[in-house]
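# Descriptive structure summary
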Amino acid sequence: MSVRTLPLLFLNLGGEMLYILDQRLRAQNIPGDKAQKVLNDIISTMFNRKFMEELFKPQELYSKKALRTVYDRLAHASIMRLNQASMDKLYDLMTMAFKYQVLLCPRPKDVLLVTFNHLDAIKGFIQDSPTILHQVDETFQQLTEIYGGLSAGEFQLIRQTLLIFFQDLHIRVSIFLKDKVQNSNGRFVLPVSGPLPWGTKVPGLIRTFNSKGEEVRKAEFKHGGSYVAAPKEGSFELYGDRVLKLGTNMYSVNRPVETHMSGASENLAAQTQESIAPNPLAKEELNLLARLIGGMEIKKPSGPEPGFRLNLFTTDEEEEQAALTRPEELFYEVINIQATQDQQTNEELARIMGEFEILDQPRRSASKGDDLLAMMDEL
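Residues numbered from 1 in each chain as written. Predicted model: local features only at pLDDT ≥ 70, side-chain atom pairs only at ≥ 80, totals over all residues. Heavy atoms only, no water.

### Examining the overall build of the protein
Summing up its helical and strand segments, the protein has 14 helices and eight strands in all. Considering the protein as a whole, with its 379 residues, one finds that 45% of them fall into the buried category. As displayed, the protein offers around 19900 Å² of accessible surface, 53% of which is attributable to carbon and sulfur atoms. (Helix = DSSP H or I, 4+ residues; strand = E, 2+ residues; numbered from the N terminus. Buried < 20%, exposed > 50% of the residue type's maximum accessible area, 1.4 Å probe, protein only. Areas by Shrake-Rupley, 256 points an atom, 1.4 Å probe, with all protein chains shown as cover.)

Pasting the structure below:
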């Protein structure tokens with residue numbers, strides 16, 4: 001497992017979330033000023049400097065539930081509100097879209113180009129907000145500094161870590177089904193043709209060399225596909241042609257998008273098992289999660305501006321029906337921690353929290369910041 005995977009996972013899923021929210025804000029005819037405020041608030045929170053500092057620390061991936069908690073908090077960082085069914089659908093669309101992109105990456109390193117495509121599109125949402133643009137550019141520089149020098153093997157480990165995270169998710173998405181890139185069981189169809197990874201040649205030739213490195217024989221074979229060499233490598237600079245189209249906005253054309261839980265029994269079984277099986281690191285993960293969410297510094301909406309509810313379904317009736325038919329396995333339960341019952345455990349949790357303390361972070365009030373459970377209740 002790579003400890004450098006979390007920033008790429010978070011930024012790409014966040015990019016997909018913004019694509020979906022932008023599409024739904026336009027589809028529901030939300031006034032332009034309100035829609036822009038929602039996007040600005042979410043992106044500003046998402047790229048908050050302290051939050052990014054926590055995110056880029058080497059660490060293993062959070063569980064699916066913990067990561068979902070972060071996005072639930074992020075989606076409600078503005079005046080917009082989503083009910084549980086719409087939040088479920090939003091998260092399903094985000095995860096399946098990025099899973100498809102990871103599967104299709106020609107090279108493991110290309111997952112970085114996918115991330116840059118998301119950041120490029122995010123900058124398009126906030127082009128009139130120079131302060132937030134600067135936040136996104138700072139994150140881009142961090143990505144370049146941290147990932148620019150990684151080897152192909154390290155990127156392969158990152159890709160494998162992402163695929164392990166997604167392996168039990170087989171949710172059917174209408175766009176993918178209509179484009180015939182997803183089967184009825186929720187599994188993706190991988191192409192056997194198209195552009196090759198940069199730096200590789202079209203298959204069909206076997207070359208044999210002797211011990212001196214001299215070519216002694218050639219043999220051709222039929223590869224059964226329709227491959228073409230990549231025209232050029234995508235740019236890893238702040239501005240440039242990424243070449244790769246994975247990670248761009250597939251909702252730019254207004255198309256209705258539906259998700260279907262039927263046929264995803266493996267996904268439900270895995271999540272059920274995750275709910276039942278005790279996790280010995282659960283307490284530590286909650287502390288790390290609280291630390292990460294604490295860095296968001298979400299500001300409560302001020303002034304008389306009213307909030308509004310966003311529906312990710314075509315009608316309110318569809319949303320209500322989705323809430324009623326939601327499998328019980330997907331309901332998130334509250335985790336109670338009785339740390340005071342075990343002195344040794346209490347001391348260990350205190351040590352962990354001490355290690356992650358940020359000296360320059362504003363001190364929270366005693367009613368909010370001193371208790372981990374209270375911190376999680378604020379979500």
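### Points about the side chain of Lys99
Examined against the element boundaries, Lys99 turns out to sit in helix H5 (residues 84-104). Of the side chains bearing the opposite charge, Asp168 lies closest to the buried Lys99, which forms no salt bridge; the N-O distance is 7.9 Å. Each residue touching Lys99, except ones within four places of it in the same chain, is listed here: Phe166, Gln167, Leu169, His170 and Phe188. (Lys, Arg positive; Asp, Glu negative; His and termini not counted. Salt bridge = Lys/Arg side-chain N within 4 Å of Asp/Glu carboxyl O. Contact = heavy atoms within 4.5 Å.)

### Thoughts on unusual backbone geometry
Positive phi, close to 55 degrees, is recorded for Asn29, a residue that is not glycine. Residue Val243 is not a glycine yet carries a positive backbone phi of 65 degrees. With respect to the helices and strands, Val243 occurs in the loop between strand E6 (226-228) and strand E7 (259-260).

### As for helix H2 (residues 32-46)
Given a rise of 1.5 Å per residue, 15 residues ought to cover 21 Å, and the 21 Å separating the end C-alpha atoms of H2 matches this to within 8%. All of the buried residues in H2 are Lys34, Ala35, Val38, Leu39, Asn40, Ile42, Ile43, Thr45 and Met46. (Expected span 1.5 Å × (residues − 1).)

### What to know about the pattern of salt bridges
Considering all chains together, one arrives at twelve salt bridges under this definition. Among the salt bridges present, the one from Arg49 reaches Glu138, with a minimum N-O distance of 2.6 Å. Residue Arg49 is found in helix H3 (residues 49-55), and its partner Glu138 is found in helix H7 (residues 130-147); the two are separated by 89 residues along the sequence. The class of Arg49 is exposed, set by a relative accessible area of 52%. In this structure, Arg107 and Glu233 form a salt bridge, with 3.2 Å as the shortest nitrogen-oxygen distance. Placement of Arg107 in the loop between H5 and helix H6 (110-125) and of Glu233 in the loop between E6 and E7 is noted, with a sequence separation of 126 residues between them.

### Digging into H7
Its 18 residues place the ends of H7 25 Å apart at the C-alpha level, agreeing with the 26 Å of an ideal helix rising 1.5 Å per residue. For H7, the full list of buried residues reads Ile132, Leu133, Gln135, Val136, Asp137, Thr139, Phe140, Leu143 and Tyr147. Looking at the buried positions of H7, the neighbouring elements they touch are helix H1 (6-27), H2, H3, H6 and helix H8 (152-166).

### Some remarks on the packing of aromatic side chains
Going through the model one piece at a time under the given rule, you end up with eleven aromatic pairs. When the centroid spacing of 6.4 Å and the interplanar angle of 70 degrees are considered together, the rings of Tyr19 and Phe125 count as edge-to-face. Within this pair, whereas Tyr19 is found in helix H1, its partner Phe125 is found in helix H6, the two being separated by 106 residues in sequence. Of the residues examined, Tyr19 reaches a relative accessible area of 0% and is grouped as buried. (Phe/Tyr/Trp six-rings, centres within 6.5 Å; stacked < 30°, edge-to-face > 60°.)

### Remarks on the packing of H1 against H6
One can describe the packing of H1 onto H6 by two numbers: an axis separation of 9 Å at closest approach and a directional angle of 40 degrees. In terms of orientation, H1 and H6 fall into the oblique class. Crossing angle aside, the handedness with which H1 passes H6 is left-handed. In this structure, H1 contributes Leu8, Leu11, Asn12, Gly15, Glu16, Leu18, Tyr19 and Asp22 to the contact, and H6 contributes Val111, Leu112, Val114, Thr115, Asn117, His118, Ala121, Ile122 and Phe125. (Axes fitted to C-alpha atoms, helices over the stretch in contact; angles between N-to-C directions. Parallel < 35°, antiparallel > 145°, perpendicular 65-115°, else oblique. Left-handed = near helix turned anticlockwise from the far one by under 90°.)

### Notes on the packing of H6 against H7
Between H6 and H7, the least distance of the axes is 10 Å, while the angle of their chain directions is 170 degrees. The orientation of H6 with respect to H7, classified from their angle, is roughly antiparallel. For the pair formed by H6 and H7, the contact residues are Leu112, Thr115, Phe116, Leu119, Ile122 and Lys123 on the first element and Leu133, Val136, Asp137, Phe140, Leu143, Thr144 and Tyr147 on the second. Split by residue class, the contact of H6 with H7 holds nine nonpolar, two polar and two charged. (Nonpolar A, V, L, I, M, F, W, Y, C, P; charged D, E, K, R; others polar.)

### Quick notes on the pairing of strand E4 (residues 205-209)
Side-chain direction in a regular strand flips from residue to residue, so the side chains alternate between the two faces of the sheet. In this structure, E4 lies alongside strand E5 (residues 215-220), joined through five bridges in antiparallel fashion. Across the sheet, Thr208 pairs through a bridge with Arg217, a residue of E5. Hairpin connection between E4 and E5: a loop of five residues separates the two successive antiparallel strands, and Gly213 in this loop has a positive phi of roughly 85 degrees. (Pairing = 2+ DSSP bridges.)

### So, the side chain of Gln135
The residue Gln135 is located in helix H7 in this model. Beyond its immediate stretch of four places on either side in the chain, Gln135 contacts Ser44, Phe47 and Asn48.

### So, the environment of Asn183
Mapped onto the fold, Asn183 is located in the loop between helix H9 (174-178) and strand E3 (193-195). Expressed as a C-alpha distance, the spacing of Asn183 and His170, which sit 13 residues apart in the sequence, is 9.7 Å. The contacts of Asn183, once residues within four sequence positions are left out, are Arg172, Leu177 and Val189.

Distances and angles like these do not, on their own, reveal function.
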